[in-house]
Amino acid sequence: MKDKIFQALKQAFPQLGLGDEILLARAEALDATGLVTDENLQAVVTSQKANLEALQKSNDKRVADALAKAKKDNEAAAAKLKAEHETALKAQKDALEDAQKELEELKKKQPGGGQGGGQETNAQIDALKAAYDGQLAEINKTIKALQDTNNDYSAKIKAMQDEKDAAAKAAAAKARLDMINAKAKEAGIPQWRIDQGFNFADDMDETKIGETLAGFAADIKKQMLPTETRFAHQGDGKVTSEEATDIAKSILRK
């Protein structure tokens, strides 16, 4: 009975997009009650609609909240690291400016107004600037790596959202197709015609679809009605071979 309940739930609520694990768990819970029989199976399944719709909304909200939180956390982490690197960068710039000012003062205090020993002082400045440039390059490298990581994470979030949207779209399309086929059967349209499919506009509502299918059914029934055939008989009441052939064809058509 559990498998029957599970399959009935899948057929009844494909539009909800709930996974097999959820529906199987619900089927097991219903089967465990011992109250579900072949006679009341459809009624029990139908009664699950409100609860399963609420479960779907809850699942969708959890997924949306998780995606939003992950994105927010990632953006916050990126902003924090960027701020830390910008602070470190400013500190390095300030330190370099202070060092340059200090070296300029040292040059002025040297004999000859800073003319002597100029090469040594310039070498110190160049060494300090080279160290600063190296630190700046490392900071920029770290910032770029962080940006690349953030872009990669954003792409993964988008892929997750696209997959969720595609699954919801596929479930909605299947639910619409199931509804159309069910209404076609209710209207009395033969299975061979249902298998050919119907081309309805996406914005056509369920009521209009039902009315259109009813029209299709009426046309098909009309076309399948046998045509009346009259036979000309000879005066002696005997049937000719040609008339016999026409009679046989008429019977086969019926």
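In case you missed it, the structure is sitting above this.
Criteria and cut-off values
- Residues numbered from 1 in each chain as written.
- Predicted model: local features only at pLDDT ≥ 70, side-chain atom pairs only at ≥ 80, totals over all residues.
- Heavy atoms only, no water.
- Core = buried A, V, L, I, M, F, W, Y, C linked by side-chain atoms within 4.5 Å.
- Buried < 20%, exposed > 50% of the residue type's maximum accessible area, 1.4 Å probe, protein only.
- Helix = DSSP H or I, 4+ residues; strand = E, 2+ residues; numbered from the N terminus.
- Contact = heavy atoms within 4.5 Å.
- Arc of directions from axis to C-beta.

Draft legend 1. Fine view of the nonpolar core. Counting 15 residues, the largest nonpolar core has Ile5, Leu9 and Leu52 as the members making the most contacts within it. Here this core gets four residues from one element, more than from any other, and that element is helix H1 (residues 2-12). The contact partners of Leu52, leaving out residues within four places of it in the chain, are Leu9, Phe13, Leu16, Leu18, Leu23 and Arg26. Membership of the second largest hydrophobic core comes to eleven residues, among which are Ala184, Ile189, Ile209 and Ile220.

Draft legend 2. Representation of H1 in the model. All buried positions along H1 are accounted for by Ile5, Phe6, Ala8 and Leu9. Along the axis of H1, the buried residues cluster in a sector spanning 165°; they form a single face. Along H1, exposed side chains directed more than 90 degrees from the buried face belong to Asp3 and Gln11.

Draft legend 3. Focus on the environment of Asp20. By the secondary structure assignment, Asp20 is in helix H2 (residues 20-32). Sequence separation between Asp20 and Gln7 is 13 residues; the distance between their C-alpha atoms is 9.7 Å. Filtering out sequence-adjacent residues up to four positions away, Asp20 remains in contact with Phe6 and Lys10.

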